[in-house]
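Residue-level listing of the chains:
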Amino acid sequence: MFQKQSNLIPARVSDMMRSAEAAARAIPPGFPLEATVAVNPFLGQTSESLATASARLMRVAGVRITRRPEDYNDAIHRGEITDADLAEALHASTEPRKPASVEALKQSLSTHGGDVSGPLPTIADLAAETTGIDWPSVIEKTIGLWAAGHFDKGQALWSPAPGLDVFSAWRAWAVHDLTPEIAGLAGFCAHVSSAPDTGERAILRASAAIGLSEAAAETAFHRLYMDLGGWSQQARWQLWQAEIEGLSDTALTGLLAIRLIWEEALLAHAPEIADAWAETVSAHAAPIEPSAGQVALAILQEAADRAHQRMIGEALDGAVSGEPKTETGRPFLQAAFCIDVRSEVFRRALEGVDPSIETIGFAGFFGLPISHKAKGSDVSEAHLPVLLKPAIRTTSHCDAASEHEVRIAARTSRAWGRFRQAAVSSFAFIEAAGPLYAAKLVRDALGLGGKPSNPDPAPQLVDGLSAEAKIDTAHAVLKAMSLTEGHGNYVLLLGHGGHVTNNPHESAYHCGACGGYTGEVSARVLATLLNDPETRAGLAGRGMAIPKTTRFIAGLHDTTTDSVTLYKDGLDAGDEADFGRIEAWLDQAGRAARSERSLKLPGSTPKTVAERAFNWAEVRPEWGLAGCAAFIAAPRAATAGKDLGGRAFLHSYDWKADEGFATLELILTAPVVVASWISLQYYGSTVAPDVFGGGNKLIHNVVGGIGVVEGNGGVLRPGLPLQSVHDGEKPAHEPLRLSVLIEAPCEAIGDVLERHPEVRALFDNGWLHLFALTDGKIEARYRPGLSWSVCSEQSIAA
């Protein structure tokens, strides 16, 4: 339930409750399936080093957050990680327990580098050992069954206890749920009934009953939150959403209270575990300090990161690409892509088609903080990064008669769906209508169904914009894109999205900068704005004149098929010949991109890549952002013609035109942070799939419209599915921390970091790497504490 308060827990409560809040803040939010965006799974640990976070997460979740020792060992033997990489990583480490030499670091791989102690046990774990009953499994299934109904967003036909907060709703359920008592926990319903009436009071009572000290509380609570898996992350998302509106939410408090009530009941049920539990409490109270093995693995991960950075340094050799050549001296086509790593492949291919083509990289929401209502829908979709709040309202609602038809069709479809799923009618449906679906089954099995539907009408501004607002918006966007001069005949604004079939994680293939939706709406709104004569006149008055012959076109890049759809909203019919030329170029680039991508997709050929989008049995329609490893903000000339393997976010940026470095500040605080979330989600889903991964697609079931479980119940699985980061034999994603390379003065970058300590912490604590470029070459590496070291000509590992 939402509350108007600034903190998760009121300020009046004890240190125990402040520990509960700290534990809650250590949980990352889990966004629902309708608008999945990548989330840094280590969001609550960014104030710590990788080694310290490893120790914390080993205590509370039993996971290693680096690669396995044998993975580093293999990379060393293959020569991918050199002794120089190891030496520099060892030198850069400030951990007191680091090995004394490179040889000692290598030796650690076979001595203690592989230690995995597992999480500290819960009372449920200890009770399971003495009673022979799998209490953790019982808890997982009973809480999971209740949570699936409580957090449901419209999938279920019946919703238990609507309107109640988490703790009250669970109490109303649990006093009637006999599952625990059948399993052997006599009197559990009465125990729940006698619990305090609020989550906070229940936490305090249960904590006292189980002897939890204030020193032990934070990691003990964190342990219980991790035990609840994705349900904790769903509650954390609710808090995230509430705080955007200046409110708060009690769902996390309620979940912790629920889990503690179970602990309280099981300790009373199995008093013989009291001594073992007391030892566990003492272990929770101990300071978090990484072991020698965890320190060694963190240094090895640093060495792996540096090995890849050497490759980037070799690619960014300072050789500057020439300007696009045309008779008029300006590019015929400028194509602005999202910075998404999948665009890097297509941009290279498109630039290779014709010398008159230039490409640009910018965040896929194109700087427009849009809240959009699609055709036939009253749901407001936030088409912007989750770090921002919508400020522009748009809609694709059509004329009244057509809109009415769309809504009637949607209601009919929903009614039919409910008839298929209802408790009684579902059986009749199978018997009566099952044979009628034979044709559909055959069509879908052959990949002939699920073709893209016609696009919605052009989005319109709900409240309109004044002439001054139009000019302000256009000026800010073009400045942030470094597109203030040299405009081509046509400027193509390309959003992106993926097309997949029978895939609950479809929105994860869309644009992260658009909040998990495609970039179509943002691109179309901006193209319309920049073609507006009133906007053009105002821009000219501010010294940003756009040639009258320049036309802005919106498009959508389908990253699964590498096809591009152009939207010709309000453009002249006289441009058709040029459109045909542009479409032919895009088709040619798409074929080249598919050929390159087919080499990495299992069982794929250039001809079959696009077909994967329509195959309902395809678990790997595309690799998404797997492989992402670098973020480069620089003029395109620094990266044009260089094969970065589809592993780099490419943001166009000219610091010399950035007066006051406002654009630099925007890049570091928005696109870089979003890219870090993406990179670290892929990292976490690869190195710790059991905790931060989404599990196996083959046994997924969608729950509540918000997430998936494996099989018929249990914990919600956050993160990326196994098939998104693994090809069936080996990881398809190389887990590296993102290297951020920006062509700008070190002083300017440092000034921005000094003003934004939360961003600086990502670099100071090693969750991201930062480099300064000069004339397309790496000049300096950022060091913790706002300092820099100059990189040598031969290597950037120093």
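See above for the structure.
To start, this report covers the structure provided alongside it. (Residues numbered from 1 in each chain as written. Predicted model: local features only at pLDDT ≥ 70, side-chain atom pairs only at ≥ 80, totals over all residues. Heavy atoms only, no water.)

1. Remarks on the overall build of the protein chain
- Helix and strand content of the protein chain: 30 helices and 19 strands.
- Its C-alpha radius of gyration of 27 Å places the protein chain within 12% of the 28 Å reference for a compact globule of 798 residues.
- Its C-alpha atoms give the protein chain principal-axis dimensions of about 85 × 75 × 50 Å.
- Within the protein chain, buried positions represent 56% of all 798 residues.
- In the protein chain, 73% of the contacts between residues at least 6 apart in sequence involve partners at least 24 apart.
- When the accessible surface of the protein chain is summed, it comes to about 32,600 Å², and 54% of that surface belongs to carbon and sulfur atoms.
- Positive and negative side-chain charges of the protein chain, numbering 69 and 95 respectively, have mean locations separated by a distance of 3 Å. (Helix = DSSP H or I, 4+ residues; strand = E, 2+ residues; numbered from the N terminus. Rg over C-alpha atoms; globule rule 2.2 N^0.38 Å. Buried < 20%, exposed > 50% of the residue type's maximum accessible area, 1.4 Å probe, protein only. Contact = heavy atoms within 4.5 Å. Areas by Shrake-Rupley, 256 points an atom, 1.4 Å probe, with all protein chains shown as cover. Lys, Arg positive; Asp, Glu negative; His and termini not counted. Charge placed at Lys NZ, Arg CZ, Asp CG, Glu CD.)

2. A short note on the sheet that holds strand 19 (residues 787–790)
- Spatially, the six strands line up as an open sheet ordered 13-12-16-17-18-19, and their pairing is mixed. Here the strands that pair on one side only, and so sit at the sheet edges, are strand 13 (648–652) and strand 19. Neighbour to neighbour, the strand axes of the sheet diverge by 25 degrees on average, direction disregarded.
- Two strands pair when backbone bridges link them, and strand 18 (residues 777–783) and strand 19 are joined in this way by four bridges, in the antiparallel orientation. Note that in strand 19 the partner of Ala 780 across the bridge is Val 790. (Pairing = 2+ DSSP bridges. Axes fitted to C-alpha atoms, helices over the stretch in contact; angles between N-to-C directions.)

3. Observations concerning empty space enclosed by the protein
- Counted according to the given criterion, the structure contains seven cavities of 30 Å³ or more.
- The element that contributes the greatest number of residues to the lining of the largest cavity is helix 13 (residues 230–244), accounting for three residues.
- For the lining of the largest cavity, a count of residues per class yields 14 nonpolar, nine polar and one charged.
- By volume, the second largest cavity amounts to about 90 Å³.
- Residue lining of the second largest cavity: Val 37, Ala 38, Pro 385, Val 386, Leu 387, Gly 512, Val 673, Val 674, Trp 677 and Ile 678, and that is the complete set.
- Grouping the constituent residues of the lining of the second largest cavity by class yields nine nonpolar, one polar and no charged. (1 Å grid on protein atoms, 1.4 Å probe; cavity = no way out; pocket = protein on both sides within 12 Å on 5 of 7 lines; lining within 4 Å. Points joined across faces, edges and corners; volume = space filled by probe spheres on them. Nonpolar A, V, L, I, M, F, W, Y, C, P; charged D, E, K, R; others polar.)

4. Some thoughts on the sheet that holds strand 8 (residues 460–461)
- The strand order across the open sheet formed by four strands is 6-5-7-8, and the pairing between neighbours is mixed. The sheet terminates laterally at strand 6 (381–383) and strand 8, the two strands that pair on one side only.
- As defined by bridge partners, strand 7 (residues 392–395) adjoins strand 8 across two bridges and the pair is classed as antiparallel. Note that in strand 8 the partner of Thr 394 across the bridge is Leu 461.
- Taken strand by strand, helix 22 (residues 520–531) contacts strand 5 (370–373), strand 6, strand 7 and strand 8, and its axis lies near 105 degrees from that of strand 5.

5. Thoughts on helix 5 (residues 102–111)
- Along helix 5, the positions that sit buried rather than exposed are Val 102, Leu 105, Ser 108 and Leu 109. End-on, the buried residues of helix 5 take up no more than an arc of 105 degrees, which puts them together on one face. In helix 5, those exposed residues whose orientation departs by more than 90 degrees from the buried face are Glu 103 and Ser 110.
- As for helix 5, its buried residues are in contact with helix 3 (69–77), helix 4 (83–92) and helix 16 (292–315). (Arc of directions from axis to C-beta.)

6. What about unusual backbone geometry?
- For Ser 482, which is not a glycine, the phi torsion comes out positive at approximately 55 degrees.
- One can find Ser 482 in the loop between helix 21 (467–480) and strand 9 (490–497).
- Backbone geometry places Asp 562, a non-glycine residue, at a positive phi of 55 degrees.
- In this fold, Asp 562 is placed in the loop between strand 10 (551–558) and strand 11 (563–567).

Shape is all these values report; function is a separate question.
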